[in-house]
Protein chains: 2
Amino acid sequence: MAERAGVSVASVSRVLSGNYPVSEDLRRRVMKVVRDLDYVTNAHARSLAGGGTPTVAILINNITGAAFAHVAKGVEGAATLRGWLSLVGTTGDDPERELALVNLMRQQGVAAVVLLGGAYDYDEYQLRMARFARSLDAAGSHLVLVGRPPLEGDVPATTVDYDNEGGAYAMASHLLSAGHRRVLVLPGPAELTTAQGRLRGAERAFEAYGVPFDPGMVRYGPYDDEHGYSAVETALHETPDFTAVLAGTDVVAAGAMQALRAAGLRVPEDVSIVGYDDIPLASQLTPQLTTVHVPYEEMGRVALRAVADRREGGGGRRKGADGDHLVLGTHVVVRNSVQPPSTGR
Amino acid sequence: MAERAGVSVASVSRVLSGNYPVSEDLRRRVMKVVRDLDYVTNAHARSLAGGGTPTVAILINNITGAAFAHVAKGVEGAATLRGWLSLVGTTGDDPERELALVNLMRQQGVAAVVLLGGAYDYDEYQLRMARFARSLDAAGSHLVLVGRPPLEGDVPATTVDYDNEGGAYAMASHLLSAGHRRVLVLPGPAELTTAQGRLRGAERAFEAYGVPFDPGMVRYGPYDDEHGYSAVETALHETPDFTAVLAGTDVVAAGAMQALRAAGLRVPEDVSIVGYDDIPLASQLTPQLTTVHVPYEEMGRVALRAVADRREGGGGRRKGADGDHLVLGTHVVVRNSVQPPSTGR
DNA sequence: TTGAAAGCGGTACCAC
DNA sequence: GTGGTACCGCTTTCAA
């Protein structure tokens, strides 16, 4: 390339990276050859030499989840805006694969690794993440946890979270204030941190309303529509006196809605339903689902901004300071799936 | 690293890449230091030197589309299986951004660039893609088009497609054989190749059934629920005699369903609805949507396999031979959103 | 089996 | 303003 244009490699570099004054003549000469050869610089060589495009890695359990897709969109969008690149890897809920991916990303020299989605709260979790955080930090990278519990102690990681429990509290309150007392609760998988938080929020709401919370009305299970369906189906036999369903996610709510209809019950006339997440599905169902809006895309943007700032800011703000744990708000979106309990049931 | 272990860099390389016989002693010595230092090789240096992990780039309009997410999952899954890495970039339907991304990927030295989703059939399309294909090919990479029209002429690209028109033909036939004659057709955006194919399939079915196809019953618009809603709303005023809706995608069908309900019409008793894509939404709606199944995830897997084979196979099969254009089948999934037309309407 | 050394394709510092 | 050149960290001959 350099010889083809009859100039030095240094000059080519200067023209292409554009961070150095060059004569018009030289620039023209180089650019002509670039066009002739359809030339692009080698990103690997560039990275090796110090320059290079910063890259964020997004690690996700399952790329087909709507909520995660929105976070990814937020990260990707914000990254693109800054000229950063984004890598995506899926873990399939497999800890080994997660580890492998974190290391792979470390090899790639990514600026940050963003881990998405509620975590299973097994004992090792804190240790495992702390290890990731330190590994990445030592390699000049940074760990960002999105929608997961923050790390305890002095660990070099950033957490972007949302008010999970508060959203559930508000959602349950909405049901309670409409007059519902017997509520079927489908929090999600018992071990998942998000499910735990949502359940806790609901309990607190019941407490605040002075309504006894019946643990027998809680049914754990995966965050999918099949669980929503079967849980309602079972409940219809065992504890059929519920007048509302508080689902852990919109997808679970969709399943619940189908089960009710299959049993000849109307929504919301006979039974009210609420969801959580506010993914597009919520407004595609009939009736449109009253749910908790979680700012997924915004979280993605915030996550990227956090690492970008920390990069630019350089030695500016110290770790341990504010900014290591960001919490975004949630709010109830009222649509058409809630009505006061019918006197008939 | 090498000195820390008291061995040569060559030896370290041999141990870590594991493609060369090494003594047990050396291996142990190196691995110990690797663990001590939490060391990972630099992927950029490795790529530069010739080795390196093959990477596929997935370019997508909008990461939040369920159909695309499934293709991405297929590609990513198959890539992971082979130890490949996947990059994801979103174009936001912006041709400039698409170009920028293709070049960016070329810089990254990706093994292949997979372009997802129906293309806008503007004049330049063929030229543009041919240019991409040649650029990538010259750089030792390869272009794969998924769900897009194949390229004409001798262009170094692979196309993975599905029987779009056939699916629409079958879907429309299903409606016709149920007795529907006045069908509201919402193909999607007029310029999008997938929409054109779906419309063509529907027309052919009408022809085959000897039923005159009324162009006045066709309403173009974006592939989203809002369009489905407003199109039905309008049609209810202008051509209210339809007994079924043939939607271009499941999402459009969801919008259509809502509009019908808002107008006090029942689905499928008063009006039948069918979709296209068979994304999870289709079975989450009530009634569950009869739709055309498109093997999105499979397409992703096939796309990756195609490039992987071509890589391994080396000079094996010639371009221009079979294998450059793969077409997967589609089929109708019958659920509960279709009924013979009611005599009342 | 292991080490030495020549690149891979850039960047950036140092002369001219 | 431009050219020369020493690395960046790894893979891969070539010798020992």
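In every chain, residue numbers begin from 1 and rise along the written sequence. Each chain takes a letter, starting from A, and each ligand takes a number, starting from 1, following the order in which they are written. Predicted model: local features are reported for residues with pLDDT of at least 70 only, side-chain atom pairs are reported and counted for 80 or more only, and whole-chain, interface and lining totals are derived from all residues. Side-chain figures throughout are based on the complete set of non-hydrogen atoms in the structure, without hydrogens or water.

Trainee: How should the layout of surface pockets be read in this particular structure?
Mentor: Empty pockets left among the atoms are what a rolling probe the size of a water molecule brings to light. Reported here for the second largest pocket is a volume of approximately 880 Å³. Both site types are read off a 1 Å grid over the protein atoms alone. A 1.4 Å probe that fits but cannot get out defines a cavity, while an open set with protein on both sides within 12 Å along at least five of seven lines defines a pocket; lining residues have an atom within 4 Å of a point. Lining of the second largest pocket is provided by 48 residues; of these, His44 and Gln108 of chain A together with Ala43, His44 and Gln108 of chain B occupy positions nearest its centre. Helical segments are the DSSP runs of H or I of at least four residues, strand segments are the runs of E of at least two, and each set is numbered from the N terminus. At the level of secondary structure, the elements contributing two or more residues to the lining of the second largest pocket comprise helix H4 (43-48), strand E2 (85-90) and helix H6 (95-107) of chain A together with helix H4 (43-48), strand E2 (85-90) and helix H6 (95-107) of chain B. Residues are grouped as follows: Ala, Val, Leu, Ile, Met, Phe, Trp, Tyr, Cys and Pro are nonpolar; Asp, Glu, Lys and Arg are charged; all remaining types, including Gly, are polar. Taken together, the residues of the lining of the second largest pocket sort by class into 17 nonpolar, 25 polar and six charged. Grid points are joined across faces, edges and corners, and a volume is the space filled by probe spheres set on the points.

Trainee: Can you help me understand the interface of chain A and chain B in this one?
Mentor: How big an interface is tends to be stated in terms of the accessible area lost upon association of its parts. Whether two residues touch is decided by their heavy atoms; if any such pair falls within 4.5 Å, the residues are in contact. Counting from both sides, the interface comprises 43 residues of chain A and, opposite them, 42 residues of chain B. Once two parts are brought into contact, the accessible area they lose, counted with a 1.4 Å probe and summed over both, makes up the buried area. With both sides pooled, the region where chain A packs onto chain B buries about 4,100 Å², and carbon together with sulfur makes up 55% of that total. Summed over the three residues of chain A that lose the most area to chain B, namely His44, Gln107 and Gln284 of chain A, the buried surface amounts to 16% of that side. Salt bridge criterion: a side-chain nitrogen from Lys or Arg within 4 Å of a carboxyl oxygen from Asp or Glu. Across the chain A-chain B interface, the total number found is two salt bridges. Asp38 of chain B is the partner of Arg106 of chain A in a salt bridge, and the nearest nitrogen-oxygen pair spans 3.0 Å. Between N or O atoms, a polar contact is any pair within 3.5 Å; within protein, one atom must be a potential hydrogen donor and the other a potential acceptor, and residues adjacent in sequence are included only when both atoms are from side chains. Summed over the shared surface of chain A and chain B, the number is 26 residue pairs in polar contact (both at pLDDT 80 or more). Counting residues per element, the ones that place at least two in the side of chain A that touches chain B are H4, helix H5 (66-81), E2, H6, helix H11 (250-262) and helix H12 (280-284) of chain A.

Trainee: In this structure, what is going on with the relation of the copies chain A and chain B? I would like to understand it.
Mentor: Mapping between the two chain copies consists of a rotation about an axis together with a translation along that axis. All copies are superposed by least squares; the fitting set is the C-alpha atoms of residues with a pLDDT of at least 70 in both. Taken as rigid bodies, chain A and chain B are interconverted by a rotation of 180 degrees and an axial shift of 0.0 Å, the fit giving an RMSD of 0.1 Å. Both copies of the chain, as the preceding transformation shows, are related through a two-fold rotation axis. Both copies contact each other with a shared surface, as 98% of the interface residues of chain A are interface residues in chain B too.

Trainee: Please explain the pairing of strand E4 (residues 143-146) of chain B as it appears in this structure.
Mentor: All names here are of chain B. Between buried and exposed lies partly exposed: a residue is buried under 20% and exposed over 50% of the maximum accessible area for its type, with that area taken using a 1.4 Å probe on protein chains only. By the alternation rule, side chains of E4 split into Leu143 and Leu145 and Val144 and Val146, which are all buried. Note on the crossover from strand E3 (residues 112-116) through helix H7 (residues 125-138) to E4: the handedness is right-handed. Strand pairing is defined by DSSP finding a minimum of two bridges between the two strands. Both E4 and strand E5 (residues 157-162) contribute to a ladder of four bridges, which runs parallel. Its bridge partner being in E5, Leu143 is matched across the sheet by Ala157. With its strands directed away from the observer, a crossover is right-handed exactly when the path from the first strand over the helix to the second travels clockwise.

Trainee: Can you walk me through helix H10 (residues 225-238) of chain B in this structure?
Mentor: Note: α-helices contain 3.6 residues per turn, so residues at a spacing of three or four share the same orientation. With 14 residues, H10 of chain B should reach 20 Å at 1.5 Å per residue; the first-to-last C-alpha distance of 20 Å fits that figure. For H10 of chain B, the secondary structure elements touched by its buried residues are H12 of chain A together with strand E6 (183-186) and helix H11 (250-262) of chain B. Where H10 of chain B begins, one side-chain oxygen reaches toward the backbone nitrogen of Glu226 of chain B, 3.3 Å away; that side chain belongs to Asp224 of chain B. What a helix should span is 1.5 Å times the count of its residues minus one.

Trainee: Which parts of the structure should I look at to understand the sheet that holds strand E6 (residues 183-186) of chain A?
Mentor: Neighbouring strands of a sheet are bound in pairs by backbone hydrogen bonds; such pairs are parallel or else antiparallel. Residues and elements named next belong to chain A. Across the sheet, three strands lie side by side as E6-E7-E8; this open sheet has parallel pairing. A strand with exactly one partner marks an edge of an open sheet, and here the two such strands are E6 and strand E8 (272-274). Taken over all neighbouring pairs, the strand axes of this sheet differ in orientation by 15 degrees on average, direction set aside. Here helix H8 (residues 164-177) sits on the sheet and contacts E6, strand E7 (244-247) and E8; the angle it forms with E7, its principal contact strand, is near 175 degrees. Only the stretch in contact is used when a helix axis is fitted, and all axes are lines through C-alpha atoms; the angle between N-to-C directions ranges over 0 to 180 degrees. The strands that H11 touches are E6, E7 and E8; relative to E8, the one it contacts most, it runs at about 165 degrees.

Trainee: Looking at this structure, how should I read the sheet that holds strand E8 (residues 272-274) of chain B?
Mentor: Residue and element names in this part refer to chain B. Strands sit in the order E6-E7-E8 across an open sheet of three strands; the sheet is parallel. Two strands bound the open sheet, and with one partner strand each, they are E6 and E8. For this sheet, the mean angle separating the axes of adjacent strands, direction not counted, is 15 degrees. Pairing analysis gives four bridges linking E6 to strand E7 (residues 244-247), with the strands arranged parallel. In the strand pairing of E7, Val185 is matched with Leu246. Taken strand by strand, H11 contacts E6, E7 and E8, and its axis lies near 165 degrees from that of E8.

Trainee: I keep staring at the side chain of His142 of chain A and nothing clicks. Help me out?
Mentor: Residue and element names in this part refer to chain A. With respect to the helices and strands, His142 occurs in the loop between helix H7 (125-138) and strand E4 (143-146). On the basis of relative accessibility, which here comes to 2%, the residue His142 falls in the buried class. At a separation of 2.7 Å, a polar atom in the side chain of His142 contacts the side chain of Thr158. Contact partners of His142, with chain neighbours within four places excluded, come to Ala111, Ala112, Val113, Leu136, Pro156, Ala157, Thr158, Val307 and Arg310.

Trainee: Can you walk me through the protein's contact with DNA strand D in this structure?
Mentor: Surrounding DNA strand D, one finds 23 residues, the nearest of these being Ser11, Arg14 and Ser23 of chain A together with Ser13 and Tyr39 of chain B. The sugar-phosphate portion of DNA strand D accounts for 61% of its atoms within 4 Å of the protein, the bases making up the rest. Between DNA strand D and Arg14 of chain A there is a distance of 2.5 Å, counted from a base oxygen to a side-chain nitrogen or oxygen. Ala49 of chain A places a polar main-chain atom, nitrogen or oxygen, 3.4 Å from a base oxygen of DNA strand D. The cutoff for a nearby residue is simple: one of its non-hydrogen atoms must lie within 4 Å of the molecule or strand.

Trainee: Where do I start with the packing of aromatic side chains in this structure?
Mentor: Each pair of aromatic rings is reported with the distance of its centres and the angle of its planes. Working definition: rings of Phe, Tyr and Trp (its six-membered ring) pair if their centres are within 6.5 Å, and the pair is stacked with planes under 30 degrees apart, edge-to-face with planes over 60 apart, and tilted otherwise. Summed over the entire model, instances satisfying the criterion amount to four aromatic pairs over all chains. Centre to centre, the rings of Tyr162 of chain B and Tyr296 of chain B are 6.0 Å apart; their planes meet at 70 degrees, and the pair counts as edge-to-face. With a gap of 134 residues between them, Tyr162 of chain B in strand E5 and Tyr296 of chain B in helix H13 (residues 296-313) connect regions that are remote in the sequence. Residue Tyr162 of chain B shares its accessibility class with Tyr296 of chain B, and that shared class is buried. Judged by centre distance (5.1 Å) and plane angle (85 degrees), the rings of Phe206 of chain B and Phe213 of chain B are edge-to-face. By relative accessible area, which is 3% here, Phe206 of chain B ends up buried. For the cation-ring pair, Arg14 of chain A lies above Tyr20 of chain A, with the distance from its terminal atom to the ring centre recorded as 5.1 Å. The rule for a charge over a ring is simple: NZ of Lys or CZ of Arg within 6 Å of the ring centre, and within 35 degrees of the ring normal.

Trainee: For this particular structure, what's the right way to read the protein's contact with DNA strand C?
Mentor: In the neighbourhood of DNA strand C, 23 residues make up the surrounding shell, with Ser13 and Tyr39 of chain A together with Ser11, Arg14 and Ser23 of chain B lying closest. Sugar plus phosphate, as a fraction of atoms of DNA strand C within 4 Å of the protein: 62%. Here Ala49 of chain B contributes a backbone N or O atom positioned 3.4 Å from a base oxygen of DNA strand C. Elements that contribute at least two residues to the surface near DNA strand C include exactly helix H2 (9-17) and H4 of chain A together with helix H2 (9-17) of chain B. The element that contributes the greatest number of residues to the surface near DNA strand C is H2 of chain A, accounting for four residues. Split by residue class, the surface near DNA strand C holds 14 nonpolar, six polar and three charged.

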